[in-house]
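# Summary of structural features
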Amino acid sequence: ELAILRVFNERPDGKIIYIAPMKALAKERIIDWKRRFQEGELNKNVVELTGDFTPDLEALKKASLVITTPEKWDGISRNWQHREYVRQVALVIIDEIHLLGQERGPVLEVIVSRFRYITAQTKLNVRIVGLSTALANAKDVADWLGINRFGLYNFKPSVRPVPIEVYIDGFPEKHYCPRMATMNKPTYKAIMTHARNHPTLVFVSSRRQTRLTALDLIALMSGQELSGDYDYQQTGLSNEELESVQYEIDDENLKNTVQFGIGMHHAGLTENDRKIVEHLFVSKKISVLVTTSTLAWGVNFPARLVVIKGTEYFDAKTKRYVDIPVSDILQMMGRAGRPQFDNKGIACIFVSEEKKNFYKKFLYEPFPVESSLHGQLVEHLNAEISAGTLTNIDSCIDYMTWTYFFRRLTKNPSFYNLDHDKGISYLNDFLREIIVE
């Protein structure tokens, strides 16, 4: 926000682009920054540019601050030579830039590389601010962004405004579904031990698991209630409020769980149902929210306890269970103990037994980020060629030198199948070979 205010002060005609990895995060920023920058004394135009909302050309021209997603801004900025409002950009803020190495990383990489290329071609100064978790190779990312050592801040993962306690438990069951089922009772115990009558987020890997986990938690609560050993406040809703909420909810399973103070949140619910559950949780009318991982990137929910129930998900492309990226695990953990809501946080991570030592080591170690652009290089180079930015092989090679892929190619050649014994002189031939192919 300080960087934004600086642009407002020093370059009033300059535009600011905030790139969020997900629409949920973009919407959160829209609500907050419209209130701060548009509706207040500053009276600056804040515009949303996402898959849900595309403003007209005039709105983009008048906008001071554009909040967008990588794919939308990639499509707009490709024809930067013919779009003056793209060339007016003074500041680019990229949230969660450590996602460079993941599936959507190539789009982020191309956006930054394009801005660096535009800056070199037009001599206009574009400031880039990247926000990330702790990285082992933060200097490489900073060099690529054009940031000197005075502008680089890389804190350890343990550095956070609210202290967090982390518990990692291993489960020996070999198969996925039985292992998930055995995690329900420890989840319930964690809620009773660490967050009795405090907000709790339970992260699971699928929509089906949200329902199964919520129903199992209700059964465990009901069993303890019958035994008499129970002083847990299930819901903060009165009977009249509960009836009203249940009437508004479409999903039958959600209607059932909210009466026990447990909500569910996933992409399969209607937008109205998701908004109702979010409101109930934030206002502490329900104290447990079972959700898929997408919520980790969205609204800033208050939670004393976060339970990560399993660190794998089913990948439809490869048709097998794969590990959730460590950056996503850290993001989920980060939901515990939010600064403006609580003074402590607790995270319980449930993993398969053989992966317990891995998470004990790497959750506290900064991890390196590699480029994933080489997997989608053909599509992005063709886009630049069709836009008229690149006209021959030499211009393609020059463009490639602005990418993070080029930076990492020299630092970690074996990762990209480059024969490091041949040295830097072979690099030009290697790039030419990739482009010609």
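The structure under discussion appears in the preceding block.
Please read all numbers here as calculations on a predicted model, not as lab measurements. (Residues numbered from 1 in each chain as written. Predicted model: local features only at pLDDT ≥ 70, side-chain atom pairs only at ≥ 80, totals over all residues. Heavy atoms only, no water.)

## Details of the nonpolar core
- If you look at the biggest cluster of nonpolar residues, it comprises 110 residues, and the most contacted ones within it are Trp73, Leu201, Met333, Ile349 and Leu363.
- Among the elements that take part in this core, helix α6 (residues 105–122) stands out by supplying eight residues, more than any other.
- One finds Ile4, Ile16, Tyr18 and Leu25 within the second-largest nonpolar core, a separate group that totals 18 residues. (Core = buried A, V, L, I, M, F, W, Y, C linked by side-chain atoms within 4.5 Å. Buried < 20%, exposed > 50% of the residue type's maximum accessible area, 1.4 Å probe, protein only. Helix = DSSP H or I, 4+ residues; strand = E, 2+ residues; numbered from the N terminus.)

## Looking at the pairing of strand β7 (residues 200–204)
- For β7, a buried count of five out of five residues is recorded, marking the element as mostly surrounded by other parts of the structure.
- The alternating pattern of β7 places Thr200, Val202 and Val204 and Leu201 and Phe203 on opposite faces, both of which are buried.
- Pairing geometry for β7 and strand β9 (residues 288–292), over five bridges, is parallel. Each residue of the ladder has a partner; that of Val204, found in β9, is Thr292.
- In terms of strand pairing, β7 meets strand β10 (residues 305–309) through four bridges, oriented parallel. Its bridge partner lying in β10, Thr200 is registered against Leu305. (Pairing = 2+ DSSP bridges.)

## Topic: the packing of aromatic side chains
- This structure, assessed with the given rule, holds ten aromatic pairs.
- When the ring of Tyr18 is compared with that of Trp33, the centres are 5.0 Å apart and the planes differ by 80°; the resulting orientation is edge-to-face. A residue pair is termed long-range when its members are at least 10 positions apart, and Tyr18 in strand β1 (residues 15–19) and Trp33 in helix α2 (residues 23–38) qualify at 15 residues.
- Ring centres of Trp73 and Phe115 lie 6.4 Å apart, and the angle between their planes is 10°; on these two criteria the pair is classed as stacked. Taken together, the residues Trp73 in helix α4 (residues 70–77) and Phe115 in helix α6 connect sequence positions 42 residues apart.
- What makes Trp73 buried here is its relative accessible area of 1%.
- Among the residues examined, Phe115 registers a relative accessible area of 3% and is labelled buried.
- Clustering of aromatic rings is evident, with ring pairs tying together Phe8, Tyr18, Trp33 and Phe37. (Phe/Tyr/Trp six-rings, centres within 6.5 Å; stacked < 30°, edge-to-face > 60°.)

## Considerations on the sheet that holds strand β4 (residues 89–94)
- Spatially, β2-β3-β1-β4-β5 is the arrangement adopted by the five strands of the open sheet, whose pairing is parallel. Strands with a single pairing partner mark the edges of an open sheet, and in this sheet they are β2 (46–49) and β5 (127–130). Neighbour-to-neighbour, the strand axes of this sheet turn through a mean angle of 15°, independent of strand direction.
- Where β2 lies against strand β3 (residues 65–68), four bridges are found, and the strand directions are parallel. Directly across from Val46, in β3, lies its bridge partner Leu65.
- Seen against the sheet, α2 touches β1, β2 and β3 and runs at an angle of roughly 170° to β2. (Axes fitted to C-alpha atoms, helices over the stretch in contact; angles between N-to-C directions. Contact = heavy atoms within 4.5 Å.)

## Notes on the sheet that holds β7
- Strand order in this open sheet of six strands is β6-β13-β10-β7-β9-β8, and the pairing throughout is parallel. The open sheet has two edge strands with one neighbour each: β6 (164–171) and β8 (262–265). Going across the sheet, the axis of each strand differs from the next one's by a mean of 15°, ignoring polarity.
- Helix-sheet contacts for helix α9 (residues 184–194) involve β6, β7, β9, β10 and β13 (345–352), and the interaxial angle to β10 is about 170°.
- The strands touched by helix α13 (residues 271–282) within the sheet are β7, β8 and β9, with β8 carrying the most contacts at an inclination of about 135°.

## Remarks on the pattern of salt bridges
- Following the criterion strictly, the structure yields 23 salt bridges and no others.
- The salt bridge involving Glu103 is made with Lys317; its shortest N-O contact spans 2.9 Å. Taken together, the residues Glu103 in the loop between β4 and α6 and Lys317 in the loop between β11 (312–315) and β12 (320–323) connect sequence positions 214 residues apart. Of the two residues examined, Glu103 and Lys317, each falls in the exposed class.
- The partner of Glu312 in a salt bridge is Arg179, with the nearest N and O atoms 2.4 Å apart. Separated by 133 residues along the polypeptide, Glu312 in strand β11 and Arg179 in helix α8 (residues 176–182) bring together distant segments of the chain. Note on accessibility: Glu312 and Arg179 belong to one class, buried.
- It is possible to trace a salt-bridge network through shared partners that takes in Glu1, Glu28, Arg29, Asp32, Arg35 and Arg36. (Salt bridge = Lys/Arg side-chain N within 4 Å of Asp/Glu carboxyl O.)

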